[in-house]
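Listed below are the residues making up each chain.
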Amino acid sequence: MTGPPASVSVVVPLAGARAAVEAARRRIAEYLETTGLPFEILTPEGATYGAAVRKGAADATGSVIVIADAALPYAVSAIGDFAALIESGGTDIVFAKTSRSRGSEHAPDPSLRLKALAAAAAKLVINETKLLDQSCDLEIAFLAGKYGFRIERLTVDAPSVRPAFGPIEALVASIRIRLNDRRGAYRTARRCPVCFSSEVWTCAQIPGNVVRACRRCKCRYLNQFAEEEGTHPVRRVLRPHLPVTDGVEHPHSESARTLTSVRRVSVLRKQLTARARVLEIGVRDGSFGSAAAQEFEYVAIDRAPTVARHARSRGLEVYCSTLQNFVNTGPAFDAIALFHVFENMADPHDALGRMKDLLKPGGILFLTTFDTEGLLYLLTERKRMPQNFRTHLILYSRSALIELLEHSGFEIDAIGPDFEYRDHKFLRHLAANRWPVIAPLVRGLLRLVPDPLLVSSGSIRIVAKRRAGPPVNIRAIRSVEPTHAR
């Protein structure tokens, strides 16, 4: 079953001058008739450019809204290119640029007004603008980042045109936009899923998705939600960038994984008595379970059937289940361990609440995760962003995790850097791909150290104890979330 065909609304805003509008309308209509798409051409008038743009966006009925220059200093086919990019679902907003354009990656070109927006993006972003002059294009770009829309820039061939605003006007407009934002003149962005702050911003774009950053808790998370949940006030489920693989991946050698697991079991040995009940969430290759089962009563869950079957083949008690659906048929657990799994949970508050229910009072929660405040993460964040969010949904900062655990009924017992064993083959490959200049030096140094080698993974290791009593009522906090689509 297919939906209705896409339609295009072309808005040619008029701010006084009407000289070239009829010729522009005719050229646009002749071109769009060849595409076979339903279209409409609007020429809203206004005392200023910003007023005309807002009127045109409000009156447009198409699924794609294209705002074009009245003089059309570029080929009219550029309008079709911009509309096609929006229709493909590759982005939400497209700005035109020339080959001479400089400046920010997602900022509009002051010499061209051409831009295309998905209808949902236009109705929110353009309707929220407050500026009147040409610099309202800067406001559109600012609000697109505030609300988490994807932005792309397409190059068009156009002669040298006098810019609509210069550096001084852009600086003044930026100050006015920031002041409007601080005064609450714009609609509040969707809140952070960790601390529920509205101080969130688009920090990066990866293929098919937007990565958001919270200025309060320093967490990073994906902005993509299911379409049917876009307007729900409370229950929103984040989606990963790519489908979760159902296979068993082993990026490191078996000896390295085994040594890392033995090291992690030694941490639990200091906290637990013999034959304590331990639950692992996400068994990965099963090496931790094999080491833990020798000293503790080990139980594990994993949502991937292939991974669960592989772990059961090693003689481990593993259930194919999610955390929320898992039913504990025995006594409460003495410890719960999860290693780089917490980042994949869409609702951290519900997840920690469920873990608290599974633990006995005084039980241990042992987790490892990325640290967005760590030096290694900050140095590699931009280059590793697509890989970090391949399956992860939320990346946490150290301070956010501490606050999150304490609000969920846990008491921090120990926190520090996480170290893992890496084999030389992996380290040589890593150096050759990331730092080819120093790769020969790395190969020489590796000959002098043991294989595998204990190195920092840029993550943190947290050991927390369950407190008695109920946690903070997070659902009451979550109920104040804004209900708009972004």
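What you are looking at is a predicted structure, and each value in this text was computed from that prediction instead of being measured. (Residues numbered from 1 in each chain as written. Predicted model: local features only at pLDDT ≥ 70, side-chain atom pairs only at ≥ 80, totals over all residues. Heavy atoms only, no water.)

## Thoughts on the overall build of the protein chain
Broken down by element type, the protein chain carries 15 helices and 17 strands. Within the protein chain, the proportion of its 486 residues that are buried is 50%. Within the protein chain, contacts between residues separated by at least 24 positions form 72% of all contacts whose residues are at least 6 apart in sequence. As presented, the protein chain carries roughly 22,600 Å² of accessible surface, and 54% of it is formed by carbon and sulfur atoms. (Helix = DSSP H or I, 4+ residues; strand = E, 2+ residues; numbered from the N terminus. Buried < 20%, exposed > 50% of the residue type's maximum accessible area, 1.4 Å probe, protein only. Contact = heavy atoms within 4.5 Å. Areas by Shrake-Rupley, 256 points an atom, 1.4 Å probe, with all protein chains shown as cover.)

## Considering the sheet that holds strand E13 (residues 333-339)
Spatially, E12-E11-E10-E13-E14-E17-E16 is the arrangement adopted by the 7 strands of the open sheet, whose pairing is mixed. A single partner strand is all that each edge strand has here, and the edge strands are strand E12 (318-320) and strand E16 (410-422). Along the sheet, successive strands turn relative to each other by an average axial angle of 20°, direction set aside. Bridging between strand E14 (residues 359-370) and strand E17 (residues 453-466) involves 7 bridges; their strand directions are antiparallel. Bridge pairing links Phe366 to Val463 in E17. Helix H9 (residues 305-312) contacts strand E11 (297-302) and E12 of the sheet and is inclined by roughly 160° relative to E12. (Pairing = 2+ DSSP bridges. Axes fitted to C-alpha atoms, helices over the stretch in contact; angles between N-to-C directions.)

## Comments concerning the nonpolar core
One finds Ile281, Leu338, Phe342, Met355 and Leu365 to be the most contacted residues of the largest nonpolar core, which totals 82 residues. Element by element, the count of residues in this core is highest for helix H5 (residues 136-147), at 8 residues. Excluding residues that lie within four positions of it along the chain, Ile281 makes contacts with Ile301, Leu323, Ile336, Ala337, Leu338, Val341, Met345 and Met355. Within the second largest apolar cluster, 30 residues are counted, among which are Val76, Leu112, Leu114 and Ala118. (Core = buried A, V, L, I, M, F, W, Y, C linked by side-chain atoms within 4.5 Å.)

## Description of empty space enclosed by the protein
Under the definition given, this model contains 2 cavities of 30 Å³ or more. In this structure, the second largest cavity occupies an estimated 30 Å³ of space. Contributing to the lining of the second largest cavity are Asp109, Pro110, Leu112, Arg113, Gln134, Asp137, Ala164 and Phe165. Along the lines of polarity and charge, the residues of the lining of the second largest cavity split into 4 nonpolar, 1 polar and 3 charged. (1 Å grid on protein atoms, 1.4 Å probe; cavity = no way out; pocket = protein on both sides within 12 Å on 5 of 7 lines; lining within 4 Å. Points joined across faces, edges and corners; volume = space filled by probe spheres on them. Nonpolar A, V, L, I, M, F, W, Y, C, P; charged D, E, K, R; others polar.)

## Notes on the confidence of the model for the protein chain
Per-residue pLDDT for the protein chain has a mean of 84; in total, 86% of the residues score no lower than 70. Low pLDDT, under 50, characterises residues 475-486; the predicted model gives this stretch 41 contacts beyond four residues in sequence or across chains. (pLDDT = per-residue confidence, 0-100.)

## What about the pattern of salt bridges?
Applying the stated criterion to the full structure yields 15 salt bridges. Close ionic contact of Glu295 with Arg269 constitutes a salt bridge, the shortest N to O distance being 2.7 Å. Of this pair, Glu295 sits in the loop between helix H8 (287-292) and E11 while Arg269 sits in helix H7 (residues 254-271), and the two are 26 residues apart along the sequence. We classify Glu295 as partly exposed; its relative accessible area is 25%. Bridged by salt links that share partners, the residues Arg264, Asp418, Glu420 and Arg422 form one connected network. (Salt bridge = Lys/Arg side-chain N within 4 Å of Asp/Glu carboxyl O.)

## Considerations on helix H12 (residues 398-407)
An α-helix turns once per 3.6 residues; consequently, residues spaced three or four apart project the same way. The set of residues buried in H12 consists of Ala400, Leu401, Leu404 and Leu405. Each buried residue of H12 sits inside an arc of 125° when the element is viewed along its axis, so together they form one side. Elements that come into contact with the buried residues of H12 comprise helix H10 (348-358), E14, E16 and E17. (Arc of directions from axis to C-beta.)

## Brief notes about the environment of Ser7
Structurally, Ser7 is set in the segment before strand E1 (8-11). It is 5.5 Å that separates the C-alpha atoms of Ser7 and Phe39, two residues lying 32 residues apart in sequence. With residues near it in sequence (within four places) discarded, Ser7 still touches Pro38, Thr61, Gly62, Ser63 and Val64.

## Looking at unusual backbone geometry
Cis geometry is adopted by the peptide bond preceding Pro452, which originates at Asp451 and carries an omega value of 5°. A positive phi angle is found at Arg284, which is not glycine, with a value near 55°. In this fold, Arg284 is placed in the loop between strand E10 (277-281) and H8. The class of Arg284 is partly exposed, set by a relative accessible area of 48%.

## Some remarks on a nonpolar patch on the surface
On the surface, Trp435, Val437, Ile438, Leu441, Leu445, Leu448 and Val449 cluster together into a nonpolar patch covering about 730 Å² of accessible area. Residue placement: Leu445 occurs in helix H14 (residues 439-446). (Patch = residues over 30% accessible without salt bridge, like charges linked within 9 Å, V, L, I, M, F, W, Y side chains within 5 Å.)

## A short note on the packing of helix H4 (residues 119-128) against H5
Where H4 meets H5, the closest approach of the two axes is 9 Å, and the angle between their N-to-C directions is 125°. Between H4 and H5, the interaxial angle falls into the category oblique. Here the hand of the crossing between H4 and H5 comes out right-handed. Contacts from Leu124, Val125, Ile126 and Glu128 in H4 reach Glu139, Ile140, Leu143, Ala144 and Tyr147 in H5. Of the residues contributing to the contact of H4 with H5, the split by class is 7 nonpolar, no polar and 2 charged. (Parallel < 35°, antiparallel > 145°, perpendicular 65-115°, else oblique. Left-handed = near helix turned anticlockwise from the far one by under 90°.)

## Focus: a positive patch on the surface
Taken together, Lys425, Arg428, Arg443 and Arg447 make up a surface patch of like positive charges. Relative to the helices and strands, Arg443 resides in helix H14. (Lys, Arg positive; Asp, Glu negative; His and termini not counted. Charge placed at Lys NZ, Arg CZ, Asp CG, Glu CD.)

## Digging into the sheet that holds strand E7 (residues 200-206)
With antiparallel pairing, 4 strands are arranged side by side in an open sheet as E7-E8-E9-E15. Edge positions in the sheet fall to E7 and strand E15 (394-395), since each of these pairs with one other strand and no more. Against the sheet, H5 contacts E7 and strand E8 (209-214), and its axis sits at roughly 90° relative to E7.

## Here we look at the environment of Pro167
Inspection of the secondary structure assignment puts Pro167 in helix H6 (residues 167-182). Judged by its relative accessible area of 71%, Pro167 is exposed. The spacing of Pro167 and Pro110 is 57 residues in sequence and 9.7 Å in space, taken between C-alpha atoms.

## Digging into the packing of aromatic side chains
For the structure shown, the criterion picks out 8 aromatic pairs. Aromatic side chains Phe326 and Phe333 sit 6.4 Å apart centroid to centroid with 35° between the ring planes, which places their arrangement in the tilted category. For the residue pair Phe326 and Phe333, the accessibility class agrees, reading buried in each case. Taking 5.0 Å as the distance between ring centres and 20° as the angle between the ring planes, the aromatic pair formed by Phe342 and Tyr396 counts as stacked. (Phe/Tyr/Trp six-rings, centres within 6.5 Å; stacked < 30°, edge-to-face > 60°.)

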